Amino acid sequence: CAKAAGRNTYEFYDGPVAERALRRHQLHGLLRQALERREFHLHYQPRVDLLSGRISGWEALLRWNSPEEGAIGPAEFIPVAEESGLILGIGDWVLHHALAQHAHWQALGLAPGIMAINVSPRQLRLPDFTQRIAAALALNRLQPGQLEIEITETALMEDVSHATLRLNELSRLGVKLAVDDFGTGYSSLGYLRTFPLDRLKIDRSFVTPLGSDAHDEAIAHAIIVLAHSLDLTVVAEGVETEAQLRYLLSNQCEEIQGFLFSRPLPAGECERLLREDRRLAVDDRVSTGSVAVG
Ligand code: C2E
Ligand code: MG
Ligand code: MG
Ligand code: MG
């Protein structure tokens with residue numbers, strides 16, 4: 001009996017919980033050196049305006065290539081970076097790198113639209129966060145309105161007092177503010193109304209069923225109506241099919257992002273899209289029901 005209990009204990013410590021802890025510990029060790037070893041780069045995913053069919057901006061998405069572990073996705077390493085505080089240095093790198101890229105496209109005479117970056121709660125709590133943003137904009141000679149900051153609904157709601165303070169500062173500076181992954185957290189509508197937000201990004205989980213599930217369509221519709229009633233424009237994340245696009249078009253969603261138009265791409269390929277002035281053919285789409293990317 002004692003032996004069995006002993007084995008159970010052993011299994012517990014050696015089980016999935018311990019494995020996850022070990023993996024996080026390992027990632028933390030590798031992440032600590034990743035910045036100076038230049039293992040990060042950014043991909044950019046275009047956001048498309050549904051009125052014009054044109055690229056209206058980009059979301060910078062962090063990529064990590066570890067020589068030891070290969071490519072590791074942000075969904076796995078961002079939480080480790082956040083927990084350990086490494087996100088502060090990494091977030092600064094993302095900010096500077098994304099703005100320098102935007103300034104470069106602009107200097108080439110391309111019209112890149114807005115550059116959006118993801119910001120984590122730890123960054124938002126930095127007392128001089130807004131000053132850092134202002135300095136990075138000035139360094140790259142960009143207007144504050146050319147930058148958008150995405151903050152997840154969960155991050156906004158878990159620390160309302162810091163979020164309110166920081167969002168008010170950033171909004172006074174003139175930076176655009178978006179609530180990311182909307183629908184996955186628990187928003188207080190009262191707070192949502194008081195934050196100086198510009199945009200709401202509907203989480204992919206509500207976009208995926210569009211065109212096939214009436215119940216989920218009702219939720220997406222409600223989110224769009226809510227956003228508009230709060231004077232926010234709407235970006236749908238993770239649009240992969242024409243059926244999803246058609247639904248969003250006929251429900252007054254302003255912008256889309258997703259594999260249907262483009263995956264996140266390295267900077268060189270983004271530049272090509274801008275030069276080609278690549279568009280979603282949205283003019284005849286509602287009448288013919290067909291959507292083309294050309
Ligand atoms: P997010 O900000 O919600 O970014 C959207 C995610 O959806 C990205 O995943 C993107 O590649 C993916 N995606 C876009 N279109 C589609 C589609 O049509 N279908 C599918 N299945 N997926 C699509 P990614 O790049 O793996 O990033 C995951 C999350 O990691 C991001 O979610 C964001 O929360 C976080 N993240 C990425 N870069 C950064 C960063 O620089 N800083 C911080 N703090 N977080 C970041
Ligand atoms: Mg985002
Ligand atoms: Mg999102
Ligand atoms: Mg997401």
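Above this text sits the structure in question.
Keep in mind that what you see is a predicted model, and the values were worked out from it rather than measured.

A. A look at the side chain of Glu82. Inspection of the secondary structure puts Glu82 in helix α3 (residues 74–84). Despite its burial, Glu82 remains without a salt bridge, the nearest opposite charge being carried by Arg125 at 4.6 Å. Of the polar contacts made by the side chain of Glu82, one reaches the side chain of Ser120; its length is 2.6 Å.

B. How the structure looks around the site of ligand 1. The local shell around ligand 1 holds 21 residues, among which Arg63, Asn118, Asp180, Glu240 and Phe259 are the closest. In the environment of ligand 1, an oxygen atom lies 2.9 Å from a nitrogen or oxygen atom belonging to the side chain of Asn118. Asp181 places a side-chain nitrogen or oxygen 3.0 Å from an oxygen atom of ligand 1. Notes on ligand 1: free accessible area 800 Å², of which the protein chains cover 82%. Placement of ligand 1 is best described as lying within the largest pocket. Elements with a minimum of two residues in the shell around ligand 1: β2 (55–66), α3 and β6 (176–182). Element by element, the count of residues in the shell around ligand 1 is highest for β2, at four residues. Considered class by class, the residues forming the shell around ligand 1 number eight nonpolar, five polar and eight charged.

C. Representation of empty space enclosed by the protein. The full count for this structure, using the stated rule, is two cavities of 30 Å³ or more. Put simply, the largest cavity is a space of about 40 Å³. Along the walls of the largest cavity sit Pro121, Leu124, Arg125, Ala155, Asp159, His162 and Ala163, which together make up its complete lining. Going through the elements one at a time, α5 (121–124) and α8 (160–173) are the ones with two or more residues in the lining of the largest cavity. Its residues assigned to classes, the lining of the largest cavity shows four nonpolar, one polar and two charged. Each pocket or cavity is described by its volume, and for the second largest cavity that value is around 30 Å³. Every residue along the wall of the second largest cavity is listed here: Leu88, Asp92, Gln123, Leu126, Phe129 and Arg132. When contributions to the lining of the second largest cavity are tallied by element, the ones reaching two or more residues are α4 (87–107) and α6 (129–139). Counted by class, the lining of the second largest cavity contains three nonpolar, one polar and two charged residues.

D. Region of the structure containing the layout of surface pockets. What the largest pocket holds in volume is close to 1100 Å³. Lining the largest pocket are 37 residues, and of these Glu59, Leu61, Asn118, Asp180 and Asp181 sit closest to its centre. Where the lining of the largest pocket is concerned, the elements lending two or more residues are β1 (40–49), β2, α3, α4, α5, β5 (147–152), α7 (153–158) and β6. For the lining of the largest pocket, the class distribution of residues is 15 nonpolar, eleven polar and eleven charged.

Criteria and thresholds
Residues numbered from 1 in each chain as written. Chains lettered and ligands numbered in written order. Predicted model: local features only at pLDDT ≥ 70, side-chain atom pairs only at ≥ 80, totals over all residues. Heavy atoms only, no water. Helix = DSSP H or I, 4+ residues; strand = E, 2+ residues; numbered from the N terminus. Buried < 20%, exposed > 50% of the residue type's maximum accessible area, 1.4 Å probe, protein only. Lys, Arg positive; Asp, Glu negative; His and termini not counted. Salt bridge = Lys/Arg side-chain N within 4 Å of Asp/Glu carboxyl O. Polar contact = N/O pair within 3.5 Å; in protein donor to acceptor, adjacent residues only side chain to side chain. Near = heavy atom within 4 Å. Areas by Shrake-Rupley, 256 points an atom, 1.4 Å probe, with all protein chains shown as cover. 1 Å grid on protein atoms, 1.4 Å probe; cavity = no way out; pocket = protein on both sides within 12 Å on 5 of 7 lines; lining within 4 Å. Sits in = over half its atoms within 2 Å of the grid points. Nonpolar A, V, L, I, M, F, W, Y, C, P; charged D, E, K, R; others polar. Points joined across faces, edges and corners; volume = space filled by probe spheres on them.

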